[in-house]
Amino acid sequence: DIGAHRHPHAEEILFIHRGSGTARLGDREAQVTTGATIWIPRNLSVELRNTGREPLTFLFFFPEPDGMASYMRAGSAAEGQVAKPFTQEEFQRHIEKGRVHIVFDEPPPP
């Protein structure tokens, strides 16, 4: 699932790789399945929930570099490595650092 959030300075494209769910963009909601592509205008709130029986996997793209890549890399692990979970303090610093790129409607859980 992706909690409700928006990107003040960037458009986003989501591609549903596998599974099914519900996508909410602003005040619109639609069912999505494997192969769906969702264009999200800059600063529009988006939320994605898994409603199927299998994991919902997706790819996201930012057409113009805006710093989201470095923000996402900071919370990721290189291929073949195990991601180290954030401590609560590290997670809060990560969220604060990314606030210019991503704004959550509600704070995400740690």
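Along each chain, the written sequence defines residue order, and numbers are assigned to residues from 1. Whole-chain, interface and lining totals are the exception, using all residues; otherwise, since this is a predicted model, local features are given only for residues with pLDDT of at least 70 and side-chain atom pairs are given and counted only at 80 or more. Calculation of side-chain values draws on the structure's entire complement of heavy atoms; hydrogens and water are dropped beforehand.

**Notes on the overall build of the protein chain**
- Helix and strand assignments follow DSSP, with helices taken as H or I runs no shorter than four residues and strands as E runs no shorter than two, numbered in order from the N terminus. Along the backbone of the protein chain there are two helices and eight strands.
- The atom set for the radius of gyration is the C-alpha atoms, and the globule formula is 2.2 Å times the number of residues raised to the power 0.38. Scaling as 2.2 N^0.38, a compact globule of 110 residues should have a C-alpha radius of gyration of about 13 Å, and the protein chain matches this with 14 Å.
- A simple rule labels every residue: compare its accessible area, found with a 1.4 Å probe on the protein chains alone, to the largest value its type can have, and call it buried under 20%, exposed over 50%, or partly exposed in between. The proportion of buried residues among the 110 residues of the protein chain is 32%.
- Sequence-distant contacts in the protein chain: of pairs separated by 6 or more residues, those separated by 24 or more amount to 63%. The contact criterion used throughout is that any non-hydrogen atoms of two residues lie within 4.5 Å.

**A word on the sheet that holds strand β2 (residues 12–18)**
- Paired strands are those between which DSSP finds at least two bridges. The three strands lie next to each other as β5-β2-β7, forming an open sheet whose pairing is antiparallel. Each of the sheet's edge strands pairs with one partner strand only, and the pair in question is β5 (37–40) and β7 (57–61). Taken over all neighbouring pairs, the strand axes of this sheet differ in orientation by 20 degrees on average, direction set aside.
- Two elements, β2 and β7, share five bridges in a ladder whose sense is antiparallel. For Leu14, the partnering residue across the bridge sits in β7 and is Phe60. Axis definition: a line fitted to C-alpha atoms, over the contacting stretch in the case of helices. Angles run 0 to 180 degrees between N-to-C directions.

**Looking at the packing of aromatic side chains**
- Stacked, edge-to-face and tilted are the three classes for Phe, Tyr and Trp ring pairs, Trp counted by its six-membered ring, which pair at centre distances within 6.5 Å; planes under 30 degrees apart are stacked, over 60 edge-to-face, the rest tilted. Taken as a whole and assessed by the stated rule, the structure comprises two aromatic pairs.
- When the centroid spacing of 6.1 Å and the interplanar angle of 55 degrees are considered together, the rings of Phe86 and Phe91 count as tilted.
- Taking the relative accessible area as the measure of exposure, Phe86 reaches 34% and is therefore partly exposed.

**Focus on the pairing of β2**
- Bridging between β2 and β5 involves four bridges; their strand directions are antiparallel. Within the sheet, the bridge partner assigned to Leu14 lies in β5 and is Ile38.

**A look at the sheet that holds strand β6 (residues 46–50)**
- Sheet architecture is open: five strands sit in the order β4-β3-β6-β1-β8, paired in antiparallel fashion. Of all the strands in the sheet, just β4 (28–33) and β8 (103–104) have a single pairing partner and so form its edges.
- Pairing of strand β3 (residues 20–25) with β6 involves five bridges; the strand directions are antiparallel. Counterpart to Gly21 in the pairing with β6 is Asn50.

**So, the nonpolar core**
- In plain words, nonpolar cores are sets of buried Ala, Val, Leu, Ile, Met, Phe, Trp, Tyr and Cys residues tied together by side-chain atoms within 4.5 Å. Core analysis: the largest hydrophobic core is formed by twelve residues, namely Ile2, Leu14, Ile16, Ala23, Leu25, Val32, Ala36, Ile38, Ile40, Val46, Leu48 and Leu56.
- Where this core is concerned, the elements lending two or more residues are β2, β3, β5 and β6.
- If we skip the residues at most four places from it in the chain, Leu25 touches Ile38, Trp39, Ile40, Leu44, Ser45 and Val46.
- Core analysis: the next-biggest nonpolar cluster, separate from the first, contains seven residues, Ala10, Met68, Ile95 and Ile102 among them.

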